[in-house]
Amino acid sequence: MTVITATIRLARELRRDHDRGQEAAGRASWPTAQIMPLSAWLADTWKNGLFSDHPATAELAANRLLRPAEERLIWEDVIRSMAEDSLLDIPSTAEAAARSWERLCSWAIPLDNELWNESLDARTFLGWVRAFQARCQRNGWISSAELPASVADFVEQGAAPVSGEVEFAGFLELSPVQQRLIEALRGRGVKVRESAHTDEAGDAVCVGFADAGREIRAAAEWARHCLESDPDARDPAYRVGIVVPDLDQQRNEIERVFGEMLHPRNRLRPELDPTRCFNISLGRPLDEYPVIQTAFLFLGIDPGDLSVERAGRVLRSPFLPGAAEEMTSRALLDADLRAVGAPDLSLSDVIGLARKRKGADGCPILVTRLGTWSETYKTLQNLRLPSDWAPALSAFLRDLGWPGDRTLDSIEYQTLEVWRELLSDLANLDDVFGRVPLHQAVDVLRNLASARQFQPESAPAPVQILGVYESSGLRFDRLWLMGLHDGVWPADPAPDPFIPIRLQRRYGLPGSSPNRVLESTRMLTGRLLSSAPSVVVSYPEREEDADLAVSPLIRMLPETSAAGLGIPPPGDDEGFRGDDEDISDASALEVLHDHYGPASDDVALRGGTFLFKLQAACPFKAFAELRLGARALEEPEPGLNALDRGRLLHRVLERIWGRLKSHGHLFAATEEGLADLVRGHVEPEVRRILGGRIGRNPRLAEIEQARLVRIIGEWMGLERQRKPFMVVDQEEIRSVEVGGIEVNIRVDRVDRLEDGKLVILDYKSGECGPADWAGARPDEPQLPIYAVTAEAEVAGVLFARLRTGELGFRGLAESQDIAPGIRVPESQPPIAQTIGDWKAVLNDLGRGFREGRAHVDPKDPAKTCRYCELPALCRISQGTVELDEPDEAEQPQVLDVQEEPENDRG
Ligand code: SF4
């Protein structure tokens, strides 16, 4: 007997059941069961028909069944050649057209109906279909959508050999073409039956959770609970099913949570246990696997035009020879490239910099491979047929040393097998594309990879996580149906976008009307509820701002709670388990919240005033950056970055006040004299800071000079309006003790008034104001640090805001005449009192840092984490903190260079 299944998974499971049954019966060997998915059976029967001597198939013998990848590319080519809309997304449109074509064939919808004239989309699609058919006919191709009808023809004509008994398993409903196939088999005397399935529901309960995150966690808890407590769980055939309607959208989160719950040790060392006790049915597009991403990275690089970002990915890739031996030197080379500051370079630039690294810091293996890269690339500049490109691309990657010299793991190994199939698919496309250049061949290969869903084979796992379709026909010992809220179950009707709606309804296409959707969902619900003796159905009660309710199709089930399922209530950390070596013996571990690193008593502290800023913003960030040395690589930008601009401004102002020295001299200077003074300092500083970048873009220097001359000229007008002062300190580094920490501080400027009191100034170009110094976690603690360590009485603590169109002083002063724009409200406490409060705050922050306080505790997650470089280290995104999109006003402005002065850091 032959068993034909609706899915590959069902065929696999039935074969395993069959083999177990044979083993249990004490047999040592047995014939392979004829169990296969419908697609495989159709292809086999078609081939057998073609190779038979039957006269009905003689003229078809030269016909060829298209591979899915070819079919998709032919659709793309047909649509591209007929598209009038240049904005059309051809690959997605081709995918949709192929799906519609499959429906047309399955539901035997005629092409000569007048309803096709109803809409432009339908008419356009009909044109594509006719062109696709003509092309297939001309070349002797047959598409997979036409295969069932062709096989039915063969069977009816007696051209294809068939077995005496056939069972169809796991089909929810049969399409008209499948029914025709069954009738054809019966006409040949084949005994056909559909596999028996009971509609008797198991012992089912329903449970709601606050949101989808808690629902996933509860399902993972429950799966673990089943494996630990169900006496049948030690049977190798034991199966827990988790069925998720929108598995494609939730896959990553589900994989993470189930991994943490069932294999907590893998959080740190995923390589320790490649055979997990859960399996997710949904594959990923092939081009999302790292080894394939790297192949496309290498194939897509033009050695003469390389971005720093891409060069960095090459240097950090584990799929180049020498990646392990030269890991550190390649990482340092990446930092070198970014320090050059040019966003674009060439492979020769990279090789040149790499050659400068000597001894233990060198990377000779890399230099050799990059040299080969440049040479081999030159040989790939002519037009070739896809069948020539396939070996050429393969040889190019081999010459580069891809996929590296380390031992590949099982997933990578399987991925490379599929890669070879992909190259073979490319080699079969000569008839579709003809001779093409390198970039087009790589694009075609990339399209093939993104269309190829790939799921590496793994050992049979007791927990199976599946989409609704993949669960067809499967039986489980326990089943959890997730996400069945009223918004998705039943789903909204999703009629085909190209087939006229009236035709769809006339021929009863699934999804074509609310009644049709309701009917299939009802049937599906019945099947799912009867797939296991014990079923849990869950739903989230909220999604973002919307309240959700249980699906009306499962409302009749008795309600239960997490406790009723034997799992901890959501949010209860007691449920966290730790031992995954033998899951059935696992027990709850004590949870230890460790938010402290080692105290810093014996450690030289780095960071200066920046230390206090980081500790106030997020203790973990301060610990990671200043104690662990975690810092992101620089991102080169064209022209000046924010730090360069801040540095320029500070340098020029320092030089100008170094000449003027006092308010009196400023007052005495003529407009022209002052303008000359400003220009005289701006030009050399711009040249110094821009350095070699001027050569690449001389206009850049001119624009920056003009901007600085204008802004500093206007600023001097404000300084003129101040009370008389002498500049007594500029950018001078002092060593002081704050909060028990000895720090080097460098104040932008200190002025002394005629009464001897001090005004402390900090140049800023971004948003700033006295609110930045408020509370126990000040955003900008630098000025408070200068104030509490000042050597004389302080009369003012001011931000000098130098931003085009927004010049002005902001801050605290004892009187309004200290600087224009400063207000002194009656409620303002004396400055000495404020400085006392700051001292207490700084002491507290300093103590926290010294004690090793390292909580992941951003002051304002939406702002603090937004531009932080460490989310991968602190894993904030795996917690509950929401990072909303910032308002435009929150976007970082040009920064103050003093935020990260080099000598403030160490
Ligand atoms: S991302 Fe947020 S929580 Fe993480 S270190 Fe940065 S500021 Fe702290």
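Draft legend 1. Local environment of the overall build of the protein chain. Across its full length, the protein chain carries 32 helices and 25 strands. For the protein chain, the residues scored as buried account for 49% of the 906 residues in total. The long-range share in the protein chain, meaning contacts at least 24 apart out of those at least 6 apart in sequence, stands at 75%. A total of about 43100 Å² of accessible surface is found on the protein chain, and carbon and sulfur atoms cover 50% of it. Between the averaged position of the 105 positive side-chain charges in the protein chain and that of its 146 negative side-chain charges there is a distance of 4 Å.

Draft legend 2. Spotlight on the sheet that holds strand β14 (residues 463-466). One open sheet accounts for six strands, arranged β7-β16-β15-β8-β14-β9; its pairing is parallel. Edge positions in the sheet fall to β7 (203-209) and β9 (278-280), since each has one partner strand and no second. When the angles between neighbouring strand axes are averaged without regard to direction, this sheet yields 15°. Here β7 runs beside strand β16 (residues 534-540); their pairing, made up of seven bridges, is parallel.

Draft legend 3. Region of interest: helix α10 (residues 247-262). If you check α10, its first and last C-alpha atoms are just 19 Å apart, much less than what 16 residues at 1.5 Å a residue would give, namely 22 Å. If you check which residues of α10 are buried, you get L247, Q250, R251, I254, E255, V257, F258, G259, E260, M261 and L262.

Draft legend 4. Local environment of the site of the ligand. Looking at the ligand, the residues that line it are C618, F620, K621, V856, P858, T864, C865, C868, P871, C874 and I876. Residues belonging to the shell around the ligand are distributed by class as follows: nine nonpolar, one polar and one charged.

Draft legend 5. How the structure looks around helix α7 (residues 147-157). Within α7 the residues assigned to the buried category are L147, P148, S150, V151, A152, F154 and V155. Against the buried residues of α7 lie α2 (38-51), α3 (55-58), β3 (64-65), β4 (141-142) and α8 (176-187). Within two residues after α7, G158 carries a phi angle of roughly 75°, on the positive side.

Draft legend 6. Here's a closer look at the pattern of salt bridges. One pass over the structure, following the stated rule, counts 61 salt bridges. Note that E253 and R256 form a salt bridge whose closest N and O atoms lie 2.9 Å from each other. Taken as a pair, E253 and R256 lie in helix α10 at a separation of three residues, close to a single helical turn. The partly exposed category is assigned to R256, whose relative accessible area is 24%. Here E767 and R801 are joined by a salt bridge, their closest N and O atoms 3.6 Å apart. With a gap of 34 residues between them, E767 in the loop between β23 (758-764) and α29 (782-788) and R801 in strand β24 (residues 794-801) connect regions that are remote in the sequence. In this structure R801 comes out as buried when scored by relative accessible area, which is 1%.

The rules behind these values
- Residues numbered from 1 in each chain as written.
- Predicted model: local features only at pLDDT ≥ 70, side-chain atom pairs only at ≥ 80, totals over all residues.
- Heavy atoms only, no water.
- Helix = DSSP H or I, 4+ residues; strand = E, 2+ residues; numbered from the N terminus.
- Buried < 20%, exposed > 50% of the residue type's maximum accessible area, 1.4 Å probe, protein only.
- Contact = heavy atoms within 4.5 Å.
- Areas by Shrake-Rupley, 256 points an atom, 1.4 Å probe, with all protein chains shown as cover.
- Lys, Arg positive; Asp, Glu negative; His and termini not counted.
- Charge placed at Lys NZ, Arg CZ, Asp CG, Glu CD.
- Pairing = 2+ DSSP bridges.
- Axes fitted to C-alpha atoms, helices over the stretch in contact; angles between N-to-C directions.
- Expected span 1.5 Å × (residues − 1).
- Near = heavy atom within 4 Å.
- Nonpolar A, V, L, I, M, F, W, Y, C, P; charged D, E, K, R; others polar.
- Salt bridge = Lys/Arg side-chain N within 4 Å of Asp/Glu carboxyl O.

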